[in-house]
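The chain contents come next:
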Amino acid sequence: MNHLPELRKKSAETLLGLYKKANAGHIGSSLSCLEILLYLTCDRMKSEDQVVLSKGHAACALYVALAQSGRIPLDALSSFYQNGTLLAAHPPCSGKIESIPFGTGSLGHGLSLATGLVFSQKYTNKNFKVFTVLSDGDCNEGSTWEAALFAGHHRLENLFVIVDANSIQGIGNTKEILDMEPMDRKWREFGFDTQIVENGNDFVQLHQAFEKVTSLASKKPKALIARTTKGHGVSFMQNTVDWHYLPMSDEQFEIALEETQG
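Everything in this summary refers to the structure shown in the same document. (Residues numbered from 1 in each chain as written. Predicted model: local features only at pLDDT ≥ 70, side-chain atom pairs only at ≥ 80, totals over all residues. Heavy atoms only, no water.)

1. Some points on the pattern of salt bridges
Alright, step 1. Across all of its chains, the model carries eight salt bridges by this definition.
Alright, step 2. Notably, a salt bridge pairs Asp250 with Lys20, separated by 2.8 Å at the nearest N-O pair. Placement of Asp250 in helix H10 (residues 250-261) and of Lys20 in helix H1 (residues 4-22) is noted, with a sequence separation of 230 residues between them. (Salt bridge = Lys/Arg side-chain N within 4 Å of Asp/Glu carboxyl O. Helix = DSSP H or I, 4+ residues; strand = E, 2+ residues; numbered from the N terminus.)

Put into structure tokens, the structure is as follows:
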């Protein structure tokens, strides 16, 4: 796990460069979950495990993490958001990338898809873990909680939910739009072993939370509520709704690069 901080610097540099080349937004959303995706793909997951990014607008962070873990070629990243690419603004629906089982982006779908993957193991005799990364906005959707009820009822122990709780969604502050707190209690009541990660942008805290939740002798699905910072690592992007959408100017790009490498 000691390699992850340096890998994060390299990944942030790559991510920012891809967004600048594409002149695209959703940078803040990707930076809030970059550590989560790097930890999963480069440290936690085995080769047979799957990751489902429900907050599909952060696809760039997913692509970078998959490339760093060797699940997609590094040189494929240069096609991000370009004409004819498989690496679109949201994870593709084509099935042509083995490491991306589903196209996502309409919030509330990712947990249902991940739950289906785990539930299918009852009939295929396969045994792999499925990690799905949700946003605050995902937790506003009824389909998320239908899937959570189903997963809890069927005791899908190979299902791991990580909520990227950065407190900001597309149109404002999460608490003002639809307050989901206390979120840990909700997941527990739906049948999940649950841990809060007070700093979800910290690799050590992520690791400790995973170790705690997996050490429990239960057959329940698992949920980690990771308190993160939107736009993490870039001062002018942090904790603002604007950077859910905005592309970077040349000057902003240089500042962001400097701050993420410091």
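Having seen the structure, we can now continue with the description.
2. A short note on the pairing of strand S1 (residues 50-53)
Alright, step 1. Residues Gln50 and Val52 line one face of S1 and the alternating positions Val51 and Leu53 line the opposite face, and both faces are buried.
Alright, step 2. As paired elements, S1 and strand S2 (residues 130-135) share four bridges and run parallel to each other. From the neighbouring strand, Gln50 faces S2, where its bridge partner is Val130. (Buried < 20%, exposed > 50% of the residue type's maximum accessible area, 1.4 Å probe, protein only. Pairing = 2+ DSSP bridges.)

3. Structural notes on the environment of Ser167
Alright, step 1. Along the chain, the position of Ser167 falls in the loop between strand S3 (159-165) and strand S4 (168-169).
Alright, step 2. Residue classification places Ser167 among the partly exposed residues on the basis of a relative accessible area of 38%.

4. Let's talk about the nonpolar core
Alright, step 1. Formed by 57 residues in total, the largest nonpolar core has its most connected members in Leu15, Ile27, Leu37, Leu40 and Met248.
Alright, step 2. Counting residues per element, this core draws most heavily on helix H2 (residues 27-44), at 10 residues.
Alright, step 3. Excluding anything up to four places from it in sequence, Ile27 contacts Leu15, Leu16, Tyr19, Met237, Trp243, Leu246, Pro247 and Met248.
Alright, step 4. Residues Leu111, Leu134, Leu156 and Val163 belong to the second largest nonpolar core, which totals 25 residues. (Core = buried A, V, L, I, M, F, W, Y, C linked by side-chain atoms within 4.5 Å. Contact = heavy atoms within 4.5 Å.)

5. Comments concerning the packing of H2 against helix H3 (residues 59-68)
Alright, step 1. The interhelical angle for the contact between H2 and H3, taken along N-to-C directions, is 25 degrees, at an axis separation of 9 Å. By the angle between their axes, H2 is roughly parallel relative to H3. As H2 runs across H3, the sense of the crossing is right-handed. Mapping the contact onto sequence places Ser30, Cys33, Leu34, Leu37, Leu38, Thr41 and Cys42 in H2 and Cys60, Ala61, Leu62, Ala65, Leu66 and Gln68 in H3.
Alright, step 2. Along the lines of polarity and charge, the residues of the contact of H2 with H3 split into 10 nonpolar, three polar and no charged. (Axes fitted to C-alpha atoms, helices over the stretch in contact; angles between N-to-C directions. Parallel < 35°, antiparallel > 145°, perpendicular 65-115°, else oblique. Left-handed = near helix turned anticlockwise from the far one by under 90°. Nonpolar A, V, L, I, M, F, W, Y, C, P; charged D, E, K, R; others polar.)

6. Topic: helix H9 (residues 203-215)
Alright, step 1. When the terminal C-alpha atoms of H9 are compared, their 18 Å separation across 13 residues agrees well with the 18 Å that a helix rising 1.5 Å per residue should span.
Alright, step 2. Measuring from the side-chain oxygen of the N-cap residue of H9 to the backbone nitrogen of Val204 gives 3.1 Å; that N-cap residue is Asp202. (Expected span 1.5 Å × (residues − 1). Polar contact = N/O pair within 3.5 Å; in protein donor to acceptor, adjacent residues only side chain to side chain.)

7. Section: the pairing of S3
Two faces make up the sheet, and in a regular strand the side chains alternate between them.
Alright, step 1. Counting buried positions along S3 yields seven of seven residues, so the element is predominantly enclosed.
Alright, step 2. Judged by which residues are buried, S3 turns out to be covered on both faces: Leu159, Val161, Val163 and Ala165 on one side and Phe160, Ile162 and Asp164 on the other are all buried.
Alright, step 3. In the classification by handedness, the crossover that spans S2, the intervening helix H6 (residues 142-153) and the parallel S3 is right-handed.
Alright, step 4. As judged from the six bridges shared by S3 and strand S7 (residues 222-227), these two strands associate in the parallel manner. Paired with Val161 across the two strands is Ala223, which belongs to S7. (Right-handed = clockwise from strand over helix to strand, strands pointing away.)

8. Focus: the packing of aromatic side chains
Aromatic rings in a pair are described by how distant their centres are and how their planes are angled relative to each other.
Alright, step 1. Counted according to the given criterion, the structure contains 13 aromatic pairs.
Alright, step 2. Seen in terms of ring centroids, Tyr19 and Phe80 are 5.6 Å apart; in terms of plane orientation they differ by 85 degrees. Their pairing is edge-to-face. Here Phe80 lies in the loop between H3 and helix H4 (110-119) and Tyr19 lies in helix H1, a separation of 61 residues in the sequence.
Alright, step 3. Residue Tyr19 is classed as buried on the basis of its relative accessible area of 2%.
Alright, step 4. With 4.9 Å between their ring centres and 55 degrees between their planes, Trp145 and Phe190 make a pair best called tilted. Taken together, the residues Trp145 in helix H6 and Phe190 in the loop between helix H8 (183-189) and strand S6 (193-197) connect sequence positions 45 residues apart. (Phe/Tyr/Trp six-rings, centres within 6.5 Å; stacked < 30°, edge-to-face > 60°.)

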